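Summary of the model geometry
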Amino acid sequence: MKYYLIAGEASGDLHASHLMQALKQRDAEARFRFFGGDLMTAVGGTRVRHYRELAYMGFIPVLLHLRTILKNMKMCKQDIAQWQPDVVILVDYPGFNLDIAKYVHSQRLTANSQKPKVYYYISPKIWAWKEYRIKNIKRDVDELFSILPFEIEFFEQKHRYPIHYVGNPTAQEVREFLESQKPTANSQKPIIALLAGSRTQEIKDNLPAMMEATKHLASQYDIVLAGAPSIEPGYYQQFIAGSHVRLVLNETYPLLAKATAALVTSGTATLETCMFRVPQVVCYETPLPRLIGFLKRHFIKVKYVSLVNLIANREVVRELVAETFSVANIRRELEAVLPGGAKREQMLSDYDEVHRILGDSHAPDEAARIMIELLNKNE
């Protein structure tokens, strides 16, 4: 079968590459064409665009690159129409992907055809914002594959839209890494990991405060910054040149495997840190912090910003967001999760609960199995 995949950022590239591998194992004639990154390219097929040409975050960057975004969107639609895949598999990245889903659905109606199907792997987080998008999903997406267990209630009970929970790929990826990891020499000092985000704006907003909050610990700990694969190494130098912080590139998992504690910008990294059983503090600076704090308390639909807390449905890790984000607060909360700190052991115990909730399903394999069964049924 012919599979067209669209991943718009580094995490999507990772998850999509594993899904492609699982599809190849079950479908010897699988052919791939995709918008994605280096990991998907390594699996095989034809890359149409790299995700670096798609990943713009925030109103101003999107506005400045609007012509490029629209050009890529138009080209993607034309490419799908020309290649005629059996299925279009969308991986997160809802701003772009939901528009593609709408196009594919409309073209299918026009052609009075059942092809291509639209499958969404790693569902859009509409439970956090833009819940109105459920109308588009119901209309344009044939099958939705969830990696977060609490999404079952949101989609199936609240919105009467059946989905497939296939397990969590991040949990599986960490388990596989730990199983395959060879023993390595320890750093001379214990490590505090800094995971400052995967976009330049996140790094600019969060890294300086993280660095300031760890400065007093530099004699006791090795402060190590995990470079994101989507960021040029030179970008970090304006922040860390001459400082106490050491940069490592493409080594987030090896870093977390050795870390004693971490400061983490909200996102998938919070769950990765939990799966490695590294006590953490979630740090996310926002513009207009008092306003955002007010909106978070009174209008935003979810209580937490980190996946760890959302999965547990309670505060497992401390979130310093909006008006609670400050160097002093980061420093205090970090010290509380370092060895001997008041919150460390409780957090490690609570991590066990998150592990249990996620289960041990192999998400890419389960998703690939269901996808191929459904596609064969519809032929």
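Model, not experiment: these values are computed from the prediction.

1. As for the packing of aromatic side chains
- Per the counting criterion, the structure on display carries 14 aromatic pairs.
- Ring centres of Phe177 and Tyr253 lie 5.7 Å apart, and the angle between their planes is 75°; on these two criteria the pair is classed as edge-to-face. Taken together, the positions of Phe177 in helix H8 (residues 169-180) and Tyr253 in helix H11 (residues 252-258) put the pair 76 residues apart, joining distant regions of the chain. By the burial criterion, Phe177 is buried, and Tyr253 matches it.
- Ring geometry for Tyr235 and Tyr236: centres 6.5 Å apart, planes at 75°, overall edge-to-face.
- According to the relative accessible area criterion, Tyr236 is buried, its value standing at 1%.
- Grouping aromatic residues by their ring pairs yields a cluster made of Tyr4, Phe35, Trp83, Tyr93 and Phe96.
- One Lys or Arg, Lys2, reaches over the ring of Trp83 and ends 4.7 Å from the middle of that ring.

2. Details of the nonpolar core
- In this structure, Tyr3, Leu5, Ile6, Ile89, Tyr121, Leu194 and Leu207 are the most contacted members of the largest nonpolar core, which totals 128 residues.
- Not counting residues up to four positions away in its chain, the partners in contact with Leu5 are Ala16, Leu19, Met20, Phe32, Arg33, Phe34, Phe35, Met40 and Ile89.

3. Section: the side chain of Gln280
- Within the fold, Gln280 resides in strand S12 (residues 280-284).
- At 2.9 Å, the side chain of Gln280 forms a polar contact with the backbone oxygen of Thr270.
- Apart from the residues lying within four places of it in its own chain, the contact partners of Gln280 are Ala262, Val264, Thr270, Thr273, Cys274, Val308, Val317, Val337, Met347 and Tyr351.

4. Notes on the environment of Leu307
- When you line up the elements, Leu307 lands in helix H14 (residues 307-312).
- According to the relative accessible area criterion, Leu307 is buried, its value standing at 10%.
- Sequence separation between Leu307 and Thr268 is 39 residues; the distance between their C-alpha atoms is 7.0 Å.
- Filtering out sequence-adjacent residues up to four positions away, Leu307 remains in contact with Leu148, Gly267, Thr268, Thr270 and Leu271.

5. A look at helix H17 (residues 363-378)
- Here H17 spans 23 Å end to end across 16 residues, near enough to the 22 Å set by a 1.5 Å rise per residue.
- What H17 keeps buried is the set Ala363, Pro364, Ala367, Ala368, Ile370, Met371, Ile372, Leu374 and Leu375.

6. Some points on the pairing of strand S3 (residues 46-50)
- Here strand S2 (residues 31-36) runs beside S3; their pairing, made up of four bridges, is parallel. Each residue of the ladder has a partner; that of Phe35, found in S3, is Arg49.
- Crossover connection from S2 via helix H2 (residues 38-43) to parallel S3: handedness right-handed.

Reading the values: the criteria
- Residues numbered from 1 in each chain as written.
- Predicted model: local features only at pLDDT ≥ 70, side-chain atom pairs only at ≥ 80, totals over all residues.
- Heavy atoms only, no water.
- Phe/Tyr/Trp six-rings, centres within 6.5 Å; stacked < 30°, edge-to-face > 60°.
- Helix = DSSP H or I, 4+ residues; strand = E, 2+ residues; numbered from the N terminus.
- Buried < 20%, exposed > 50% of the residue type's maximum accessible area, 1.4 Å probe, protein only.
- Lys NZ or Arg CZ within 6 Å of the ring centre and 35° of its normal.
- Core = buried A, V, L, I, M, F, W, Y, C linked by side-chain atoms within 4.5 Å.
- Contact = heavy atoms within 4.5 Å.
- Polar contact = N/O pair within 3.5 Å; in protein donor to acceptor, adjacent residues only side chain to side chain.
- Expected span 1.5 Å × (residues − 1).
- Pairing = 2+ DSSP bridges.
- Right-handed = clockwise from strand over helix to strand, strands pointing away.

These results come straight from atomic positions and should not be treated as a statement about function.
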